[in-house]
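Tertiary structure, described
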Amino acid sequence: MEKPKKKQVLLFYCVEAEELARKIAAHSDHVQLQTINWRSFDDGFPNLFINNAQDIRGQHVSFLASFSSPAVIFEQLSVIFALPRLFVASFTLVLPFFPTGSFERMEEEGDVATAFTMARILSNIPISRGGPTSVVVYDIHALQERFYFGDNVMPCFETGISLLKRRLQQLPDADNIVIAFPDDGAWKRFHRQLDHFPMVVCAKVREGDKRIVRVKEGNPSGCHVVIVDDLVQSGGTLIECQKVLAVQGATKVSAYVTHAVFPKNAWEKFVHKNGENTNEAFSYFWITDSCSPTVKSIKNKAPFEVLSLAGSIADALQI
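Report on the accompanying structure.

About the thresholds
Residues numbered from 1 in each chain as written. Predicted model: local features only at pLDDT ≥ 70, side-chain atom pairs only at ≥ 80, totals over all residues. Heavy atoms only, no water. Helix = DSSP H or I, 4+ residues; strand = E, 2+ residues; numbered from the N terminus. Rg over C-alpha atoms; globule rule 2.2 N^0.38 Å. Buried < 20%, exposed > 50% of the residue type's maximum accessible area, 1.4 Å probe, protein only. Contact = heavy atoms within 4.5 Å. Areas by Shrake-Rupley, 256 points an atom, 1.4 Å probe, with all protein chains shown as cover. Salt bridge = Lys/Arg side-chain N within 4 Å of Asp/Glu carboxyl O. Core = buried A, V, L, I, M, F, W, Y, C linked by side-chain atoms within 4.5 Å. Pairing = 2+ DSSP bridges. Axes fitted to C-alpha atoms, helices over the stretch in contact; angles between N-to-C directions. Patch = residues over 30% accessible without salt bridge, like charges linked within 9 Å, V, L, I, M, F, W, Y side chains within 5 Å.

**Observations regarding the overall build of the chain**
Assigned secondary structure in the chain consists of 8 helices and 15 strands. Against the globule reference of 20 Å for 319 residues, the chain gives a C-alpha radius of gyration of 21 Å, in line with a compact fold. Counting only C-alpha atoms, the chain reaches 65 × 50 × 45 Å along its principal axes. Counting the 319 residues in the chain, one finds 47% classified as buried. The long-range fraction of contacts in the chain, counting pairs at least 24 apart against all pairs at least 6 apart in sequence, stands at 66%. Element-wise, carbon and sulfur atoms account for 50% of the exposed surface of the chain, whose accessible area totals about 16,400 Å².

This is the structure we're talking about:
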């Protein structure tokens, strides 16, 4: 059976995601970059212009977004809502990191589930000539959030775990890897994709007024243990996990997170001091380029290593 021909995709992008957009285009001959003039009026509100708007009629169009802060969301939404209305054949929104994903539930009356709000906004993206918009998201924090989206869009959930698995195969101690999860939520999210590795599951337990990390199950002794989670903010939980794993005999501890948020430069606490690794440091800290500002900040700083989503995104644009 003859394989379907790959479609040519016109990829627009926000300013923050330009480096990732260029990597995507370099990865595939079927992706062509397009530009937007990201201008502002004197009062600070956006004054935007989609270049070559007439030429994108009947084309497969996509937009690479980065909602790194509330300040940049409005101007990107303005473009996202405009592109499908330019008579395009199809429209795909790539939002590698769904930033409100960890605020998905109400625990008491008055809590605002901002993940639901964001999903409702994106669900109102206009339908293009080809039908509903595809929304590509990587390792969303809670799988139930797929049900937050309305019928006007089609969420396509991808993962960065395949990048980690490929990198682990390249390590000199690849046959001595144990995967650790900082809590049951991370285990539920990722264990099926990593079930060929021995596993350790950690948990926070209450001791008086403190919450202490303990190993709930599994044995890290004598192994290179890789802690896996979907995102990191302050990094406190990862540090506590590293300590308890080292105490229980792990020879090395590394970490992988798809989304390295690191507000207020929280990544600094993980940088090897004076370029040296110690028993208290992470041997490797793998992240993806889903959070563009962080990628720029940690460049050439051990133990950080960026596993790019570019190839995966290029493939997703062909779905």
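So that's the structure; there's more coming.
**A short note on the pattern of salt bridges**
This structure, assessed with the given rule, holds 8 salt bridges. A salt bridge links K252 to D173; the nearest nitrogen and oxygen atoms lie 3.3 Å apart. Of the two residues, K252 sits in strand β13 (residues 252–260) while D173 sits in the loop between α4 (161–169) and β9 (177–181), which places them 79 residues apart along the sequence. Look at K252 and you get partly exposed, because its relative accessible area is 30%. Each of R189, D229 and D230 takes part in salt bridges that share partners, so that together they form one network.

**Remarks on the nonpolar core**
For soluble globular proteins, nonpolar side chains are generally found buried alongside one another. I24, F63, L64, F98, L122 and V228 are the most contacted members of the largest nonpolar core, which has 69 residues in total. Not counting chain neighbours up to four residues away, the residues in contact with L64 comprise L11, F12, Y13, C14, A17, L20, A21, I24, V94, P96 and I313. In this structure, V200, V232, C241 and F285 belong to the second largest nonpolar core, which totals 28 residues.

**Quick notes on the sheet that holds strand β5 (residues 60–64)**
Strand order in the open sheet formed by 6 strands is β2-β1-β5-β6-β7-β8, with parallel pairing between adjacent strands. Taken across any chain shown, the strands that pair with only one partner, and hence form the sheet edges, are β2 (31–33) and β8 (153–158). When the angles between neighbouring strand axes are averaged without regard to direction, this sheet yields 25°.

**Let's talk about a nonpolar patch on the surface**
Together, F41, F45 and F74 make up a nonpolar patch on the protein surface, roughly 350 Å² of accessible area in all. We classify F74 as partly exposed; its relative accessible area is 48%.

**Let's talk about the sheet that holds strand β15 (residues 304–307)**
With mixed pairing, 7 strands are arranged side by side in an open sheet as β11-β10-β9-β12-β13-β14-β15. The sheet is open, and its two borders are formed by β11 (210–217) and β15, each paired with just one other strand. Across the sheet, the mean angle separating the axes of adjacent strands is 30° when strand polarity is ignored. For β13 and strand β14 (residues 285–288), the ladder comprises 3 bridges, and the chain directions are parallel. From the neighbouring strand, A255 faces β14, where its bridge partner is F285.

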